[in-house]
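# Chains, contacts and geometry: an overview
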Amino acid sequence: MRILSIGGGPAGLYFSLLVKRKHSDWPVRVVERNAPDATFGWGVVFNDKTQNYLRDQDEPSWRDITKAFETWDNVDVVHRGRKISIHGNRFSGIQRLAMLQILQKHCREAGVELEFGKELAKPADWEGYDLVVAADGVNSAIRRMYAADFAPSVDVRPNRYVWYGTPTLFHGLTLTFRENPDGLWIAHSYKFNRTTSTFIVECDPETWRTAGMAGRDEAATREYLQEVFREDLQGRPLLSNKSAWLNFNLVRNAHWTRGNMVLIGDALHTAHFSIGSGTRLALEDSIALFRALEEKDSVSSALAAFELARRPKVEDLQAAAQESMEWFETAKKFMRMAPVELAYVLMTRSGKIDHENLRRRDPAFATAYEEWKEGIGP
Ligand SMILES: Cc1cc2nc3c(=O)[nH]c(=O)nc-3n(C[C@H](O)[C@H](O)[C@H](O)COP(=O)(O)OP(=O)(O)OC[C@H]3O[C@@H](n4cnc5c(N)ncnc54)[C@H](O)[C@@H]3O)c2cc1C
């Protein structure tokens, strides 16, 4: 079987690796428009569950990925300058580029044909393959080109965000709320290696406008945000990777396949970064597609099986991510809360964690919240 992956992000690389490891005689080609050492963004997080999936599928790449992990078990919520830590939430951070380069290395070793610096744009580019995997990311040109078949919906959300790095190390998933005369600024930060943290800043459109962000260039934007988060950054800088304000695009597709072509990863669906699951979804798509190919005896029945197995899981996660995204979009209304109350509301926002679950994760935090409710705690 001849396979082409359009895009060499986590989805395209991992799927190609799994196929090639199992079928060394199948030609598997990945075409990526960027160079092998180029990427957007900084670090991403994974939960423990994802790690187990990766180990079960391909132990050598799992070993290298987990070696590059920074692991923690706390979510920190900073509000009115006070930090509340909630333990029992195990996550790992990894530099996005490091993860891509590990996957590239394993693909190369397995015999996947990797081609960089080439953008596939016309139907002739994907003719002659038995299976074409469109893993070309959130702005997928393939999805747009065949919109009549995939029937996508792209919901452009109102909040703005910008994805920075910083040498300040945040030991845990840290959510920081800072108000100034222009409005409310929220930072999502965590370290992803020994020297750097991801630092995503999010704000609502009113705050963005009032602060005059449209008229600020990249340096002026960074200077402004460094001042907003001066205390949290401990005077250290924000680092840019062509970092610019964006709106989050919530992607869904009514149809996932078109003949022998299938969308996977962000091209197929997105999940708000506040629940840190986009890469996990992309990797799980790769695993599900690989399994469907193994189980079925034709590409068309494999693609149907892939969608049948995967759609409910994707929709479930997108629903939780939507709750979380909307929470952050309306975060202003929670700012009158005391720090411990805000931390509690934040932890339970998606409905997946309730009081008993929180108590199991971190009894001290559950007690602090109960005491605050009874008026005996800060
Ligand atoms: C601010 C932010 C923070 C995030 N944090 C997390 C996190 O903490 N944890 C997490 O799990 N996820 C996170 N994500 C989501 C994660 O980045 C994506 O879900 C993940 O990268 C999706 O992988 P992918 O392979 O589908 O797409 P991508 O990683 O976007 O890869 C697609 C690739 O296709 C290439 N390409 C596109 N078009 C073509 C073409 N025509 N020809 C050739 N190549 C092409 C692109 O250059 C790109 O390399 C975050 C996202 C954002 C925006």
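Residues numbered from 1 in each chain as written. Predicted model: local features only at pLDDT ≥ 70, side-chain atom pairs only at ≥ 80, totals over all residues. Heavy atoms only, no water.

## Side note on the site of the ligand
To be explicit about the condition: Summary of the distance rule: residues count as near a molecule or strand when at least one heavy atom falls within 4 Å of that molecule or strand. Pairs of N or O atoms within 3.5 Å make up the polar contacts considered here, provided that, within protein, one atom can donate a hydrogen while the other can accept it, and that residues adjacent in sequence are counted only when both atoms are side-chain atoms. The Shrake-Rupley method, run with a 1.4 Å probe sphere, supplies the accessible areas, and residue values consider only the shown protein chains as cover.
What surrounds the ligand is a group of 33 residues, the closest being Glu32, Arg96, Leu120, Asp266 and Thr279. In this structure, tyrosine 190 approaches the ligand through a side-chain N or O atom, which is 3.2 Å from an oxygen atom. Take aspartate 266: an N or O atom from its side chain is 2.7 Å from an oxygen atom of the ligand. Expressed as a share of its isolated accessible area of 1,000 Å², the protein-covered part of the ligand is 94%.

## Regarding the sheet that holds strand S7 (residues 91-95)
Under the convention used in this document: Each pair of strands is called paired provided DSSP finds at least two bridges between the two strands. Secondary structure follows DSSP: runs of H or I at least 4 residues long count as helices, runs of E at least 2 residues long count as strands, and numbering of each begins at the N terminus. Fitted lines through C-alpha atoms give the axes, limited to the stretch in contact for helices. The angle between two N-to-C directions lies from 0 to 180 degrees.
Pairing within the open sheet is antiparallel, and its three strands lie in the order S3-S7-S4. For this open sheet the edge positions go to strand S3 (43-47) and strand S4 (70-72), each flanked by a neighbour on one side alone. When the angles between neighbouring strand axes are averaged without regard to direction, this sheet yields 25°. Sheet topology places S3 next to S7; five bridges connect them, and they run antiparallel.

## Concerning the sheet that holds strand S6 (residues 82-86)
Selection rule: The contact definition used throughout considers only heavy atoms, calling two residues in contact when any of these lie within 4.5 Å.
The strand order across the open sheet formed by seven strands is S6-S5-S11-S12-S13-S10-S14, and the pairing between neighbours is mixed. The sheet is open, and its two borders are formed by S6 and strand S14 (246-253), each paired with just one other strand. On average, each strand axis in the sheet is inclined to that of its neighbour by 25°, with strand direction left out of account. Packing against the sheet, helix H11 (residues 299-329) makes contact with strand S10 (152-166), strand S11 (173-180), strand S12 (183-191), strand S13 (197-203) and S14, and its axis sits at approximately 155° to S14.

## A look at the pattern of salt bridges
Just so we agree on the cut-off: The term salt bridge refers to a side-chain nitrogen of Lys or Arg lying within 4 Å of a carboxyl oxygen of Asp or Glu. Note on classification: 1.4 Å probe, protein chains only; a residue is buried when its accessible area is under 20% of the maximum for its type, exposed when over 50%, partly exposed between these limits.
Following the criterion strictly, the structure yields 30 salt bridges and no others. Note that aspartate 125 is salt-bridged to lysine 122, the shortest N-O span being 3.3 Å. The class for aspartate 125 is buried, based on a relative accessible area of 17%. Arginine 222 is paired through a salt bridge with glutamate 218; the nearest N and O atoms lie 3.2 Å apart. Residue arginine 222 and its partner glutamate 218 are both found in helix H8 (residues 218-228); the two are separated by four residues, about one turn of the helix. Overall, the relative accessible area of 35% leaves glutamate 218 in the partly exposed class.

## Here we look at unusual backbone geometry
The residue arginine 80 is not glycine, and still its phi comes out positive at about 50°. Its location among the elements puts arginine 80 in the loop between strand S5 (75-79) and S6.

## Observations regarding the environment of arginine 21
Checked against the element boundaries, arginine 21 lands in helix H1 (residues 10-22). Here arginine 21 falls in the partly exposed class, since its relative accessible area comes to 34%. Each C-alpha atom, one on arginine 21 and one on glutamate 371, is 55 Å from the other, the two residues being 350 residues apart in sequence. Other than its neighbours up to four places away in sequence, arginine 21 contacts Asp58, Pro60, His106 and Ala110. Within the structure, arginine 21 has its side chain in polar contact with the side chain of histidine 106 (distance 3.1 Å).

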